[in-house]
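Spelled out from the first residue to the last, the chains are:
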Amino acid sequence: MTWGWVGTRGTWATPEAEESMRLMADHGVTWTALAYAALQEHIISTEIRSDLAPTVGDDEIVGAIRRAHDLGLTVCLKPVVNVADGTWRAHIGFFDEDVPGEPSWGEWFASYRRFILHAAQIAEQEGCAMLCVGCEMVRADAQEDHWRALIADVREIYTGLVTYNCDKYQEDRVRWWDAVDVISSSGYYPIDSWERELDRIERVVATSGKPFFFMEAGCPSRDGSPARPNDWSLPGGPSVTEQLRYFEEMFRAVRARPWVRGLMLWDWPAHLYPEQAAAQNDDYCPYGKPAGTFMAEQYREWSRESH
(Lines give C-alpha, C1' and ligand atoms only; values in the text may rest on other atoms or scores of the structure.)
Protein backbone atom coordinates (compact mmCIF):
# COMPACT_ATOMS: atom_id res chain seq x y z
CA MET A 1 0.00 0.00 0.00
CA THR A 2 1.23 3.50 -0.82
CA TRP A 3 1.37 5.64 2.30
CA GLY A 4 1.64 9.35 2.95
CA TRP A 5 0.99 10.90 -0.46
CA VAL A 6 1.68 13.69 -1.35
CA GLY A 7 4.24 14.03 1.41
CA THR A 8 3.30 17.50 2.62
CA ARG A 9 5.78 18.91 5.12
CA GLY A 10 4.57 18.61 8.68
CA THR A 11 2.14 15.73 8.06
CA TRP A 12 4.44 12.71 8.44
CA ALA A 13 5.80 13.27 11.95
CA THR A 14 2.57 13.39 13.95
CA PRO A 15 0.68 11.01 16.25
CA GLU A 16 -2.05 10.87 13.58
CA ALA A 17 0.46 9.70 10.97
CA GLU A 18 1.85 7.07 13.30
CA GLU A 19 -1.63 5.70 13.97
CA SER A 20 -2.49 5.79 10.27
CA MET A 21 0.53 3.65 9.43
CA ARG A 22 -0.29 1.21 12.24
CA LEU A 23 -3.84 0.77 10.95
CA MET A 24 -2.52 0.20 7.44
CA ALA A 25 -0.17 -2.52 8.70
CA ASP A 26 -3.13 -4.15 10.46
CA HIS A 27 -4.75 -4.76 7.05
CA GLY A 28 -2.36 -7.49 5.95
CA VAL A 29 -0.04 -5.03 4.22
CA THR A 30 3.55 -6.33 3.98
CA TRP A 31 5.12 -3.71 1.68
CA THR A 32 4.64 0.04 1.67
CA ALA A 33 5.69 2.70 -0.81
CA LEU A 34 6.47 5.89 1.09
CA ALA A 35 5.60 8.41 -1.61
CA TYR A 36 6.35 12.12 -1.57
CA ALA A 37 6.42 14.83 -4.20
CA ALA A 38 8.85 17.62 -5.03
CA LEU A 39 7.58 20.45 -7.19
CA GLN A 40 8.55 22.17 -10.40
CA GLU A 41 6.68 25.31 -11.40
CA HIS A 42 5.25 24.17 -14.76
CA ILE A 43 5.80 21.45 -17.34
CA ILE A 44 8.74 23.18 -19.03
CA SER A 45 10.51 24.18 -15.81
CA THR A 46 13.96 22.67 -15.35
CA GLU A 47 14.32 23.27 -11.60
CA ILE A 48 12.82 20.79 -9.14
CA ARG A 49 12.46 22.29 -5.67
CA SER A 50 13.06 19.12 -3.68
CA ASP A 51 14.44 20.66 -0.47
CA LEU A 52 11.70 23.23 0.15
CA ALA A 53 8.22 23.11 1.63
CA PRO A 54 5.68 21.77 0.92
CA THR A 55 7.82 18.65 0.32
CA VAL A 56 8.41 16.58 3.47
CA GLY A 57 11.82 17.08 5.04
CA ASP A 58 14.50 14.45 5.43
CA ASP A 59 13.72 13.99 9.11
CA GLU A 60 10.11 13.10 8.28
CA ILE A 61 11.18 10.68 5.54
CA VAL A 62 13.66 8.92 7.80
CA GLY A 63 11.13 8.81 10.62
CA ALA A 64 8.48 7.25 8.38
CA ILE A 65 10.91 4.61 7.11
CA ARG A 66 11.86 3.68 10.66
CA ARG A 67 8.23 3.48 11.79
CA ALA A 68 7.42 1.24 8.84
CA HIS A 69 10.33 -1.04 9.64
CA ASP A 70 9.27 -1.17 13.30
CA LEU A 71 5.85 -2.37 12.10
CA GLY A 72 7.48 -5.16 10.08
CA LEU A 73 6.81 -3.51 6.71
CA THR A 74 9.19 -3.74 3.77
CA VAL A 75 9.77 -0.27 2.34
CA CYS A 76 9.99 1.11 -1.18
CA LEU A 77 11.01 4.76 -1.14
CA LYS A 78 9.15 6.63 -3.88
CA PRO A 79 10.24 10.20 -4.62
CA VAL A 80 8.02 11.76 -7.30
CA VAL A 81 8.05 15.06 -9.17
CA ASN A 82 4.80 17.03 -9.42
CA VAL A 83 3.92 20.23 -11.26
CA ALA A 84 2.91 23.13 -9.01
CA ASP A 85 0.17 24.36 -11.37
CA GLY A 86 -1.59 20.99 -11.19
CA THR A 87 -0.62 19.65 -14.62
CA TRP A 88 0.01 15.91 -14.50
CA ARG A 89 3.73 15.04 -14.48
CA ALA A 90 3.29 12.83 -17.56
CA HIS A 91 3.21 16.05 -19.62
CA ILE A 92 6.62 17.33 -18.48
CA GLY A 93 8.60 17.62 -21.69
CA PHE A 94 11.04 19.49 -23.89
CA PHE A 95 12.42 19.39 -27.44
CA ASP A 96 13.69 15.94 -28.37
CA GLU A 97 17.21 17.34 -28.66
CA ASP A 98 18.68 20.10 -26.50
CA VAL A 99 18.63 23.54 -28.16
CA PRO A 100 20.64 26.50 -26.81
CA GLY A 101 18.43 29.06 -25.13
CA GLU A 102 15.50 26.70 -24.67
CA PRO A 103 14.65 24.61 -21.60
CA SER A 104 16.02 21.13 -22.19
CA TRP A 105 15.92 17.52 -21.12
CA GLY A 106 19.58 17.85 -20.14
CA GLU A 107 18.85 20.68 -17.69
CA TRP A 108 15.77 18.92 -16.33
CA PHE A 109 17.53 15.59 -15.75
CA ALA A 110 20.39 17.39 -13.98
CA SER A 111 17.90 18.72 -11.43
CA TYR A 112 15.97 15.45 -11.30
CA ARG A 113 19.23 13.56 -10.76
CA ARG A 114 19.99 15.59 -7.63
CA PHE A 115 16.50 14.83 -6.29
CA ILE A 116 16.68 11.09 -6.96
CA LEU A 117 20.26 10.62 -5.78
CA HIS A 118 19.42 12.32 -2.50
CA ALA A 119 16.54 9.87 -2.07
CA ALA A 120 18.91 7.03 -2.95
CA GLN A 121 21.25 8.10 -0.15
CA ILE A 122 18.38 8.02 2.35
CA ALA A 123 17.15 4.66 1.03
CA GLU A 124 20.62 3.15 1.39
CA GLN A 125 21.21 4.63 4.82
CA GLU A 126 17.86 3.38 6.15
CA GLY A 127 17.87 -0.04 4.50
CA CYS A 128 14.92 0.42 2.13
CA ALA A 129 14.42 -2.74 0.07
CA MET A 130 13.46 -0.85 -3.09
CA LEU A 131 13.82 2.58 -4.67
CA CYS A 132 11.43 3.82 -7.36
CA VAL A 133 13.33 6.23 -9.62
CA GLY A 134 10.33 7.69 -11.44
CA CYS A 135 6.57 7.61 -11.74
CA GLU A 136 4.34 7.96 -14.80
CA MET A 137 6.77 10.18 -16.73
CA VAL A 138 5.19 9.39 -20.09
CA ARG A 139 6.87 12.08 -22.20
CA ALA A 140 10.19 11.50 -20.44
CA ASP A 141 10.07 7.73 -21.03
CA ALA A 142 11.62 8.17 -24.48
CA GLN A 143 14.77 9.75 -22.98
CA GLU A 144 16.47 6.37 -22.74
CA ASP A 145 20.05 7.61 -22.42
CA HIS A 146 19.15 9.94 -19.57
CA TRP A 147 17.33 7.18 -17.66
CA ARG A 148 20.18 4.72 -18.13
CA ALA A 149 22.71 7.28 -16.89
CA LEU A 150 20.53 8.15 -13.89
CA ILE A 151 20.05 4.51 -12.91
CA ALA A 152 23.79 3.86 -13.23
CA ASP A 153 24.42 6.80 -10.87
CA VAL A 154 21.79 5.48 -8.45
CA ARG A 155 23.56 2.13 -8.32
CA GLU A 156 26.77 3.85 -7.21
CA ILE A 157 24.92 4.88 -4.05
CA TYR A 158 22.09 2.42 -3.50
CA THR A 159 22.39 -1.38 -3.27
CA GLY A 160 18.72 -2.38 -3.08
CA LEU A 161 16.22 -3.11 -5.84
CA VAL A 162 15.61 -0.39 -8.42
CA THR A 163 12.28 -0.01 -10.21
CA TYR A 164 10.54 2.49 -12.45
CA ASN A 165 6.75 2.98 -12.27
CA CYS A 166 5.52 3.51 -15.84
CA ASP A 167 2.01 4.68 -16.48
CA LYS A 168 -0.90 2.46 -17.50
CA TYR A 169 -0.70 1.23 -21.11
CA GLN A 170 3.02 2.09 -21.26
CA GLU A 171 4.50 -1.24 -20.16
CA ASP A 172 5.34 -2.24 -23.74
CA ARG A 173 6.65 1.20 -24.73
CA VAL A 174 9.55 1.62 -22.30
CA ARG A 175 12.76 0.52 -24.05
CA TRP A 176 15.12 0.39 -21.07
CA TRP A 177 13.56 -2.18 -18.74
CA ASP A 178 16.87 -4.07 -18.76
CA ALA A 179 18.37 -1.21 -16.68
CA VAL A 180 16.10 -1.81 -13.67
CA ASP A 181 15.70 -4.82 -11.39
CA VAL A 182 11.90 -4.86 -11.32
CA ILE A 183 9.30 -3.63 -13.81
CA SER A 184 6.34 -1.84 -12.30
CA SER A 185 3.39 0.11 -13.60
CA SER A 186 0.20 1.89 -12.61
CA GLY A 187 -2.59 -0.61 -13.13
CA TYR A 188 -5.62 1.64 -13.26
CA TYR A 189 -7.38 -0.49 -15.83
CA PRO A 190 -11.15 -0.43 -16.37
CA ILE A 191 -12.87 -3.26 -14.56
CA ASP A 192 -13.79 -5.07 -17.78
CA SER A 193 -10.30 -4.93 -19.33
CA TRP A 194 -8.04 -6.63 -16.77
CA GLU A 195 -7.67 -9.88 -18.73
CA ARG A 196 -6.82 -8.12 -21.99
CA GLU A 197 -4.27 -5.83 -20.37
CA LEU A 198 -2.66 -8.64 -18.38
CA ASP A 199 -2.27 -10.63 -21.59
CA ARG A 200 -0.43 -7.67 -23.10
CA ILE A 201 1.77 -7.05 -20.06
CA GLU A 202 2.63 -10.74 -19.77
CA ARG A 203 4.37 -10.60 -23.13
CA VAL A 204 6.54 -7.71 -21.90
CA VAL A 205 7.44 -9.56 -18.72
CA ALA A 206 8.29 -12.76 -20.58
CA THR A 207 10.52 -10.90 -23.02
CA SER A 208 12.30 -8.88 -20.34
CA GLY A 209 12.95 -11.74 -17.92
CA LYS A 210 12.33 -9.27 -15.08
CA PRO A 211 9.94 -9.61 -12.15
CA PHE A 212 6.82 -7.43 -12.34
CA PHE A 213 4.34 -5.91 -9.94
CA PHE A 214 1.81 -3.09 -9.98
CA MET A 215 3.40 -0.14 -8.18
CA GLU A 216 -0.01 1.52 -8.19
CA ALA A 217 -3.52 0.11 -8.51
CA GLY A 218 -6.86 0.87 -6.98
CA CYS A 219 -10.23 2.52 -7.41
CA PRO A 220 -12.09 5.35 -5.66
CA SER A 221 -15.20 4.41 -3.71
CA ARG A 222 -17.38 6.37 -6.07
CA ASP A 223 -20.18 5.75 -8.56
CA GLY A 224 -18.70 5.12 -12.00
CA SER A 225 -15.10 4.73 -10.85
CA PRO A 226 -14.68 1.02 -11.78
CA ALA A 227 -14.87 2.10 -15.44
CA ARG A 228 -12.46 5.03 -14.88
CA PRO A 229 -10.30 4.06 -11.88
CA ASN A 230 -7.51 6.48 -12.79
CA ASP A 231 -9.84 9.51 -12.69
CA TRP A 232 -9.66 10.87 -9.15
CA SER A 233 -11.95 13.79 -10.08
CA LEU A 234 -14.72 11.78 -11.74
CA PRO A 235 -18.15 13.12 -10.70
CA GLY A 236 -20.25 10.69 -8.70
CA GLY A 237 -21.53 9.98 -5.24
CA PRO A 238 -19.73 7.84 -2.65
CA SER A 239 -20.12 4.10 -3.21
CA VAL A 240 -18.23 1.54 -1.14
CA THR A 241 -19.91 -1.24 -3.12
CA GLU A 242 -18.42 0.04 -6.38
CA GLN A 243 -14.94 0.02 -4.87
CA LEU A 244 -15.45 -3.49 -3.53
CA ARG A 245 -16.66 -4.69 -6.94
CA TYR A 246 -13.48 -3.36 -8.52
CA PHE A 247 -11.22 -4.88 -5.85
CA GLU A 248 -12.85 -8.28 -6.30
CA GLU A 249 -12.22 -8.29 -10.05
CA MET A 250 -8.72 -6.84 -9.75
CA PHE A 251 -7.59 -9.41 -7.17
CA ARG A 252 -9.23 -12.26 -9.07
CA ALA A 253 -7.49 -11.34 -12.30
CA VAL A 254 -4.07 -10.67 -10.75
CA ARG A 255 -3.97 -13.70 -8.48
CA ALA A 256 -4.59 -15.94 -11.49
CA ARG A 257 -1.29 -14.69 -12.97
CA PRO A 258 1.62 -15.96 -10.86
CA TRP A 259 4.07 -13.70 -12.71
CA VAL A 260 2.40 -10.68 -11.10
CA ARG A 261 4.37 -10.43 -7.86
CA GLY A 262 1.91 -8.17 -6.10
CA LEU A 263 -0.13 -5.00 -5.84
CA MET A 264 1.01 -1.77 -4.21
CA LEU A 265 -2.45 -0.29 -3.78
CA TRP A 266 -3.25 3.40 -3.94
CA ASP A 267 -3.43 4.85 -1.33
CA TRP A 268 -3.40 5.37 2.46
CA PRO A 269 -3.09 8.98 3.69
CA ALA A 270 -0.95 10.09 6.62
CA HIS A 271 -3.98 11.87 8.05
CA LEU A 272 -6.74 9.26 8.00
CA TYR A 273 -10.44 10.08 8.03
CA PRO A 274 -12.47 8.73 11.02
CA GLU A 275 -13.66 5.16 10.51
CA GLN A 276 -17.27 6.23 11.03
CA ALA A 277 -16.92 8.59 8.05
CA ALA A 278 -15.74 5.87 5.66
CA ALA A 279 -19.10 5.42 3.92
CA GLN A 280 -19.06 9.10 2.92
CA ASN A 281 -15.44 9.06 1.76
CA ASP A 282 -15.18 8.75 -2.02
CA ASP A 283 -11.40 8.55 -2.38
CA TYR A 284 -9.03 5.62 -3.01
CA CYS A 285 -8.27 4.67 0.58
CA PRO A 286 -10.12 1.47 1.57
CA TYR A 287 -9.96 2.06 5.34
CA GLY A 288 -13.27 1.32 7.05
CA LYS A 289 -14.83 0.15 3.78
CA PRO A 290 -15.74 -3.34 2.53
CA ALA A 291 -12.83 -3.16 0.10
CA GLY A 292 -10.47 -2.77 3.06
CA THR A 293 -11.77 -5.91 4.71
CA PHE A 294 -11.58 -7.80 1.42
CA MET A 295 -8.05 -6.52 0.75
CA ALA A 296 -6.85 -7.64 4.18
CA GLU A 297 -8.27 -11.13 3.63
CA GLN A 298 -6.64 -11.38 0.22
CA TYR A 299 -3.26 -10.13 1.40
CA ARG A 300 -3.17 -12.53 4.35
CA GLU A 301 -4.13 -15.44 2.12
CA TRP A 302 -1.58 -14.40 -0.50
CA SER A 303 1.13 -14.22 2.18
CA ARG A 304 0.30 -17.70 3.48
CA GLU A 305 0.45 -19.12 -0.04
CA SER A 306 3.80 -17.47 -0.78
CA HIS A 307 5.32 -19.07 2.31
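These numbers were taken from a predicted model, which means no experiment stands behind them.

Scoring rules and cut-offs
- Residues numbered from 1 in each chain as written.
- Predicted model: local features only at pLDDT ≥ 70, side-chain atom pairs only at ≥ 80, totals over all residues.
- Heavy atoms only, no water.
- Helix = DSSP H or I, 4+ residues; strand = E, 2+ residues; numbered from the N terminus.
- Rg over C-alpha atoms; globule rule 2.2 N^0.38 Å.
- Buried < 20%, exposed > 50% of the residue type's maximum accessible area, 1.4 Å probe, protein only.
- Contact = heavy atoms within 4.5 Å.
- Areas by Shrake-Rupley, 256 points an atom, 1.4 Å probe, with all protein chains shown as cover.
- Lys, Arg positive; Asp, Glu negative; His and termini not counted.
- Charge placed at Lys NZ, Arg CZ, Asp CG, Glu CD.
- Expected span 1.5 Å × (residues − 1).
- Arc of directions from axis to C-beta.
- Disulfide = S-S within 2.5 Å.
- Pairing = 2+ DSSP bridges.
- Axes fitted to C-alpha atoms, helices over the stretch in contact; angles between N-to-C directions.
- Salt bridge = Lys/Arg side-chain N within 4 Å of Asp/Glu carboxyl O.
- Phe/Tyr/Trp six-rings, centres within 6.5 Å; stacked < 30°, edge-to-face > 60°.

Draft legend 1. The overall build of the chain, seen in detail. Helix and strand counts for the chain stand at seven helices and eight strands. Computed over its C-alpha atoms, the radius of gyration of the chain comes to 19 Å, within 12% of the 19 Å expected for a compact globule of 307 residues. C-alpha extents for the chain along the principal axes are approximately 55 × 45 × 40 Å. The buried share of the chain, taken over its 307 residues, is 55%. Pairs at least 24 residues apart make up 73% of the contacts formed inside the chain by residues separated by at least 6 positions. When the accessible surface of the chain is totalled, it reaches about 13100 Å², and 50% of it is carbon and sulfur. Side-chain charges of the chain comprise 29 positive and 48 negative groups, with the mean position of each set lying 4 Å from the other.

Draft legend 2. Broad picture of helix 5 (residues 194-208). Its 15 residues give helix 5 an end-to-end C-alpha distance of 21 Å, which sits within 8% of 21 Å, the value for a rise of 1.5 Å per residue. Taken together, the buried positions of helix 5 are occupied by W194, E197, L198, R200, I201, V204 and V205. The arc enclosing the buried residues of helix 5, seen along the axis, measures out at 160°, which places them on a common side. Facing away from the buried side of helix 5 by more than 90 degrees, the exposed set consists of R196, R203, A206 and T207. One or two residues past the end of helix 5 sits G209, with phi positive at roughly 75°.

Draft legend 3. Looking closely at the state of the cysteines. Across all of its chains, the model carries zero disulfides by this definition. Residue C135 stays outside any disulfide, its sulfur separated by 6.1 Å from that of C132, the closest cysteine. C219 provides the cysteine sulfur closest to C285, a residue in no disulfide bond, and the two sulfurs are 13 Å apart.

Draft legend 4. A look at the sheet that holds strand 2 (residues 31-40). Reading across the sheet, the eight strands line up as 1-2-3-4-5-6-7-8 and stay open at both edges, with parallel pairing between neighbours. Two strands close off the open sheet at either side, each with one partner strand: strand 1 (2-3) and strand 8 (260-263). Bridge count between strand 1 and strand 2: two bridges; the pairing is parallel. When the sheet's bridge partners are listed, T2 is paired in strand 2 with A33. Docked against the sheet, helix 5 engages strand 6 (182-186), strand 7 (212-216) and strand 8, running at close to 125° with respect to strand 7.

Draft legend 5. A look at the environment of E248. Mapped onto the fold, E248 is located in helix 6 (residues 240-255). Along the primary structure E248 and Y188 are separated by 60 residues, whereas in three dimensions their C-alpha atoms are 14 Å apart.

Draft legend 6. Here's a closer look at the pattern of salt bridges. If you walk through the whole model with that rule in mind, you get 24 salt bridges. Note that D178 is salt-bridged to R148, the shortest N-O span being 2.7 Å. Taken together, the positions of D178 in the loop between strand 5 (161-166) and strand 6 and R148 in helix 4 (residues 144-157) put the pair 30 residues apart, joining distant regions of the chain. Between R245 and E242 there is a salt bridge, with its nearest N and O atoms 3.0 Å apart. Remark: E242 and R245 occur in helix 6; sequence separation between them is three residues, near one turn of the helix. Given the relative accessible area of 40%, R245 is considered partly exposed. A residue is classified by how much of its surface remains accessible, and E242, at 16% relative accessible area, is buried. Shared partners join several salt bridges into a network, and the residues in it are E195, D199, E202, E249, R252 and R257.

Draft legend 7. Examining the packing of aromatic side chains more closely. Per the stated rule, a full pass over the model turns up 31 aromatic pairs. On the numbers, 4.6 Å between centres and 15° between planes, the contact of W108 with Y112 is stacked. Within this pair, W108 and its partner Y112 are both found in helix 3 (residues 105-126), separated by four residues, close to a single helical turn. A relative accessible area of 1% means that Y112 is categorised as buried. Measuring from centroid to centroid gives 6.2 Å for Y112 and F115, while their planes differ by 65°, and the two rings are edge-to-face. You can see Y112 and its partner F115 sitting in helix 3, three residues apart, about one turn around the helix. Classification of F115 as buried rests on a relative accessible area of 3%.

Draft legend 8. Quick look at unusual backbone geometry. Note the cis peptide between W5 and V6, where omega equals 10°. In this structure, V6 sits in the loop between strand 1 and helix 1 (15-25). A cis amide bond, omega -10°, links W266 with the succeeding residue D267. Within the secondary structure, D267 sits in the loop between strand 8 and helix 7 (290-306). Positioned with a positive phi, E136 is a non-glycine residue whose angle comes to about 55°.

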